[in-house]
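# Fold and contact review
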Amino acid sequence: MSVIVATNLWKNYQTGDVVIQALKGLSFEIEPASFVSFVGPSGSGKTTLLNLIGCLDKPTEGRLEVAGIDVSALDRRNGAAFRGDKIGFIFQDFNLLPVLTVYENIEYPLLMVQDVPAPERSKRVLALLEAVGMIEQMRKFPDQISGGQKQRVAVARALVTSPELVLADEPTANLDHATAYQVIELMKKMRDTFKTTFIFSTHDPKIVSEAETIHTLEDGMLTGTKTVAGGGK
Amino acid sequence: MSKLLKIAVRNLLRYKRRTLLTTSLVMLGVVFVLVFVSLSGSFKAMMVAQITDSMIGHLQLHRKGYVASIDTLPQNLNMKSGAVKRLEKVLGEQPEIEAYSPRIKFGGMFSNFAETTNIRLNGIDPEMEFETVPLLSGRVLEGKDTIGRGEIWVPELLAKGMKVKVGDTVVIIATNQNGSVNGKQFLVAGVLGSATGPGGRDGYIHIEDAAEVLRMEEPEISEVAVRIREFDRLGVVSGRLAALLDKEVNQMGKPIFEVHTWEKLSPFYNIARMIDLLTLFMKIMLIAIVLVAIMNVMIMAVYERIREIGTIAAIGTRPGRILSLFLLEGLSLGVGGAILGNLVGAAVIFGLNLSEITYDFGQQKDLLLQASINPADVLVLSAIVIVISAVASLQPAFKASRMEPIKALKHV
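Residues numbered from 1 in each chain as written. Chains lettered and ligands numbered in written order. Predicted model: local features only at pLDDT ≥ 70, side-chain atom pairs only at ≥ 80, totals over all residues.

## Examining the pairing of strand β1 (residues 59-63) of chain B
Residues and elements named next belong to chain B. To be explicit about the condition: Any residue with 12 or fewer other C-beta atoms within 10 Å of its own C-beta is exposed, any with 20 or more is buried, and the rest are partly exposed; the C-beta atoms used are placed from the backbone. The secondary structure listing takes helices from DSSP runs of H or I that are at least 4 residues long and strands from runs of E that are at least 2 residues long, numbered from the N terminus. For two strands to pair, DSSP has to find at least two bridges joining them.
Counting buried positions along β1 gives 5 out of 5 residues, so the element sits mostly inside the fold. Strand direction decides the pairing type here: β1 and strand β9 (residues 223-228), joined by 4 bridges, are antiparallel. Among the inter-strand pairings, L61 is bridged to a residue of β9, identified as V224.

Here's what the structure looks like:
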């Protein structure tokens, strides 16, 4: 069963009297535990699509099922609960909470979103710190670590709730190439370990080639899908 | 909740200077109100104590209609012995009444054999009077602190004006209700310091001497001053007493007695009310300070952290949690300000008491300022600050909780 099923997905934005069609009738499916990239030029609709999949926005038309749920029907509160349970987010600017340590940033979704008991929280956070290689920096605050390390922490935070899906919008845009490659490698490793579906957007061709499925967006339309031999795994 | 509080406190500590300034502002507000309440409260308590414990008593009982004409000290409205007995029976049955003192009040002429002037006099039973108004004997500036038959306490200003001193002989002349004039010699036993308020410049003689001067065939009482055990229960006791005395009626079925608390008898009650009003205004100002200071900080905090709010909302933090987080930040500012304000306020009050500041109240000089604060006032003040902190944080916190994550994440 597909983790995402999009059927004739439209998204319009209205600015004054002008209607902008950001997505134009997209239909696709994404299988569980896949490593998928959406590529395309700026304004092609990558971020809009990821926002819809992440229940941060609602489609104007069409149906979007994520983890078996029609997310366009979710209200504000249920949308938040759904995101907390099923989806992990990795942001371009890392978006770690500056007042929390590395450990606490990873712990945050378990504590504040899922209300996981303390012993279980500790076990899961330490396992992920180990997995992303940040165990020695666990007591540091975000302003005391590098950009690459911040994104490692963000990956761990996205995975700590054991989501079915991790969405990463331009996760390597603020990193140098070597660090970006390490982050993508880490994401792949996490996919292999936790069997979580990773969907990311990028415009970096070298990074794109690391995905096993590449969807190309142009002007709000899906113009191509290809499977990369040797990509992903 | 403890983790949420920890995050809230850390967020406050991100902007140390701003947090310090806001907490200081709240603290200063609390300190000002505490010091004002302690000073005004002690002044009011002193004023009330002076009025009730050295002159009026906590409440007074009169024959119906006496108080309406009290300035003329009408002898025709005195209580006859039968009425006094009925009154004393009721008073004796009230466990909350500590003491009472019957008085004969009248106006007369005071002569030192060379000059004559007018005087208001209280005829008292010394033992009963001292139990009812225990500060009275403390007003004796010179001479004996008690009074016997044939003796008079002369008010200070009169003694000065008439050049009378302790041991001198004076004459009191008075007209009774039948128009009969009588005089009697008295030995000046003491000079009485003036007190601010009605009766503060009266002279005192023994009640039997008063009856003799007024040629009363049987004792008639102008008023009965009453002292109750717990001053805070004055309203309750006076109400109960009034209800009981309302049952004492004359042949026409009308009540014989009337009950008045000190508040109805002294114009200084209005000053006490004014002090309460000023205290209320101070509290309103404190509320305004806390409201503006904390709301301002919380609005800034929400505005500066829009992307953070977007992040925590995106990863699934429920709106209620986000609301709680910002509410706790505002509450922490209020609690911090209240705690510091209470500590600094207590230190200032302690310092004021250590410095032994004196002041004058009417004719009374060098009264010691004894600032004190009721724990209930501290609790009420702290509760006001904390509740207002929460109210001030509510709008920004609600705004944060209702933010669309997608818009918040795009905020630059």
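## Observations concerning the sheet that holds strand β1 (residues 4-15) of chain A
Residue and element names in this part refer to chain A. Strand order in this open sheet of 4 strands is β2-β1-β4-β5, and the pairing throughout is antiparallel. Each of the sheet's edge strands pairs with one partner strand only, and the pair in question is β2 (18-30) and β5 (69-70). Sheet analysis places β1 next to β2, joined by 10 bridges and oriented antiparallel. In the sheet register, I4 faces β2, and the bridge partner there is I30.

## Considering the interface of chain A and chain B
Here is the rule: Contacts are defined on C-beta atoms placed from the backbone: any two residues whose C-beta positions lie within 7 Å are in contact. Each residue receives one of three labels: charged for Asp, Glu, Lys and Arg, nonpolar for Ala, Val, Leu, Ile, Met, Phe, Trp, Tyr, Cys and Pro, and polar for the others, Gly being one of them.
Taken residue by residue, the interface counts 18 residues in chain A and 18 residues in chain B. Listed by contribution, the elements that provide at least two residues to the side of chain A that touches chain B are α2 (76-86) and α3 (102-113) of chain A. Of all the elements, α2(A) adds the most residues to the side of chain A that touches chain B, at 6 residues. Looking at the side of chain A that touches chain B residue by residue, the class counts come to 11 nonpolar, 3 polar and 4 charged.

## Points about the environment of A:G25
Residues and elements named next belong to chain A. Position of G25 relative to the elements: it lies in strand β2. A sequence separation of 200 residues divides G25 from T225, and the C-alpha atoms of the two residues are 15 Å apart. Here G25 is in contact with N8, L9 and W10, once residues within four sequence places are set aside.

## Points about the packing of helix α11 (residues 319-354) of chain B against helix α12 (residues 375-401) of chain B
Residues and elements named next belong to chain B. Inclusion rule: Axis lines are fitted through C-alpha atoms, for helices just across the contact stretch, and the angle between N-to-C directions can take any value from 0 to 180 degrees. In this scheme, roughly parallel covers angles under 35 degrees and roughly antiparallel covers those over 145, while 65 to 115 is roughly perpendicular and the rest are oblique. Two helices that cross are described as forming a left-handed crossing if the nearer one is turned anticlockwise from the farther one by less than a right angle, and a right-handed crossing if clockwise.
At a minimum axis separation of 7 Å, α11 and α12 run at an interaxial angle of 150°. Judged by the angle between their axes, α11 and α12 are roughly antiparallel. Considering the relative orientation of α11 and α12, their crossing is right-handed.

## Things to note about the domain arrangement of chain B
Stated formally: Note that the domain bounds reflect an automated or database-derived domain assignment.
Its domain assignment divides chain B into domain 1 (2-51 + 270-410) and domain 2 (65-255). Taken over C-alpha atoms, the centre of domain 1 of chain B sits 50 Å from the centre of domain 2 of chain B.

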